[in-house]
Amino acid sequence: MGWLQRSAPRVTFEATSASKEQEDVLEAMASSSVDSGSLDSPAAPETPAATADGSLPPARPRYWPTEEEVLEVLGLLSAEDRRDCDLAMANRYLRATGGDKRHAAKRIADTLAWRRAEQPEQMVCTACCANRKSHYMQVVGHDRQGRPLIYSCLALATNRDVEANRKHMISVFEQAIRLMPGSQQQQTQQQGQGRPVESWCWVMDFHGFSIRDCDPRLAKIFLNLSAAHYPERLGTFFIVSAPTVFNTLWRAISHFIDPVTKQKIHFVNFSKRDNSKLEGLLARYFDADTTSWLLREMAENRNKSVAHSKAYSFPDLSKLAAEGRSAPDVVAAQQSRRAQSTCGHDHLGSPAFLEKLEGQPDLLLPHLHKLSLEASAA
């Protein structure tokens, strides 16, 4: 299965042979009441025609709002919303709406109302508090541009409750934002290479995908959250080893994904024999250590004798951030994690990521850091 070309967001799959039960579940997605209006990207251009030699012409430069446009959007907001909307947020929503200032202002107001009601920066995944094996989706590193890297694996997640997954997803998104370089600085008007880091990479490992994962409500939550309240946040999305049944699910949800987002998606396979294509793609985005970490992580998650004992421990991450890697309990926790591995792999995160967090508790969401330390002390 190849990955998507940047300028030609099309995907081809092998023929599927989904059961009648799977077809019935997946067809529900097509008729699900996803708010497609909020998912559109008005300024998304159509795929350009190929040139005479069969190659695609260079992609058009992406729209970047001027300072005057950003300030005009801020001027359309209420006094309360202006206090809560910085230049970065106004810039992102302008890009997401293709420069439609009134639409951007309305979507900003909707998101701010949602944030006041939901308080996502304080969101806690209660399922993971009760059982660390509930979800396996977390920030584990950064790419070459400094964008946070999220890794998830369906096989290691035991909880399929819709609300629990919504809370976990929001919490991970908020933690990714917290880890963005300069996330507290208003630097959105920088141009060229000086533009701020505002998006994340996500490696979604479909190993373990089954009929229980075909709940259209879960896909709807992801699509609506990403489009309505986290626009311009998804930088690159790697879908690894999607099974043939996913073809039906993709056909159902792809109608609600705008072309610009489709250009960010790469479909790739993990193989136990030859991962040269996957490694080559990952190496374009990540340094050698992070690429190796991802490949080892995927390999171990396909080893049942190892995977069944794995659970992500945010308390271990909090201890590392608070106490440093030389603290006795931090050393013991790392040794325990590595002992579970067949090659000394630490599934808490890439080497550079753990080094970055060492002694830096401010990089973690304060309420989760506090809860983690309290849970460890109990």
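Please refer to the structure placed before this passage.
What counts, and at which threshold
- Residues numbered from 1 in each chain as written.
- Predicted model: local features only at pLDDT ≥ 70, side-chain atom pairs only at ≥ 80, totals over all residues.
- Heavy atoms only, no water.
- Helix = DSSP H or I, 4+ residues; strand = E, 2+ residues; numbered from the N terminus.
- Contact = heavy atoms within 4.5 Å.
- Buried < 20%, exposed > 50% of the residue type's maximum accessible area, 1.4 Å probe, protein only.
- Pairing = 2+ DSSP bridges.
- Axes fitted to C-alpha atoms, helices over the stretch in contact; angles between N-to-C directions.
- Parallel < 35°, antiparallel > 145°, perpendicular 65-115°, else oblique.
- Left-handed = near helix turned anticlockwise from the far one by under 90°.
- Nonpolar A, V, L, I, M, F, W, Y, C, P; charged D, E, K, R; others polar.

Participant: Please clarify how the side chain of threonine 236 should be interpreted in this entry.
Facilitator: By secondary structure assignment, the location of threonine 236 is in strand 4 (residues 234-240). Excluding its chain neighbours within four sequence positions, the residues that come into contact with threonine 236 are Arg147, Trp200, Cys201, Trp202, Lys264, His266 and Tyr285.

Participant: Help me out: how do you make sense of the pairing of strand 1 (residues 137-142) in this one?
Facilitator: Look at any regular strand and the pattern is simple: side chains alternate between the two faces of the sheet. A large share of strand 1 lies buried, amounting to 6 of its 6 residues. Note: strand 1 against strand 2 (residues 148-153), 5 bridges, orientation antiparallel. Across the sheet, the residue bridging to glycine 141 is leucine 149, located in strand 2. As consecutive antiparallel partners, strand 1 and strand 2 are separated by 5 residues, and within that stretch glycine 146 has a phi angle of approximately 90°, a positive value.

Participant: Is there a simple way to think about unusual backbone geometry in this case?
Facilitator: Both trends apply: most residues other than glycine have a negative phi, and most peptide bonds are in trans. At glutamine 119, a position not held by glycine, the phi torsion is positive, near 50°. In this fold, glutamine 119 is placed in the loop between helix 5 (101-118) and helix 6 (126-130). In this structure, serine 241 is a non-glycine residue whose phi angle is positive, near 55°. Of note, serine 241 is situated in the loop between strand 4 and helix 9 (246-253). Owing to a relative accessible area of 17%, serine 241 belongs among the buried residues under this scheme.

Participant: Just checking my understanding: could you explain the packing of helix 2 (residues 67-75) against helix 5 for this structure?
Facilitator: When two helices pack together, their arrangement is given by the angle between their axes and by how far apart the axes lie. Between helix 2 and helix 5, the shortest axis-to-axis distance is 9 Å and the interhelical angle comes to 55°. On the basis of the axis angle, helix 2 is oblique to helix 5. In terms of crossing hand, the pair formed by helix 2 and helix 5 is right-handed. Judged by residue contacts, Glu69, Glu72 and Val73 of helix 2 engage Lys101, Ala105 and Ile108 from helix 5. The residue makeup of the contact of helix 2 with helix 5, split by class, is 3 nonpolar, no polar and 3 charged.

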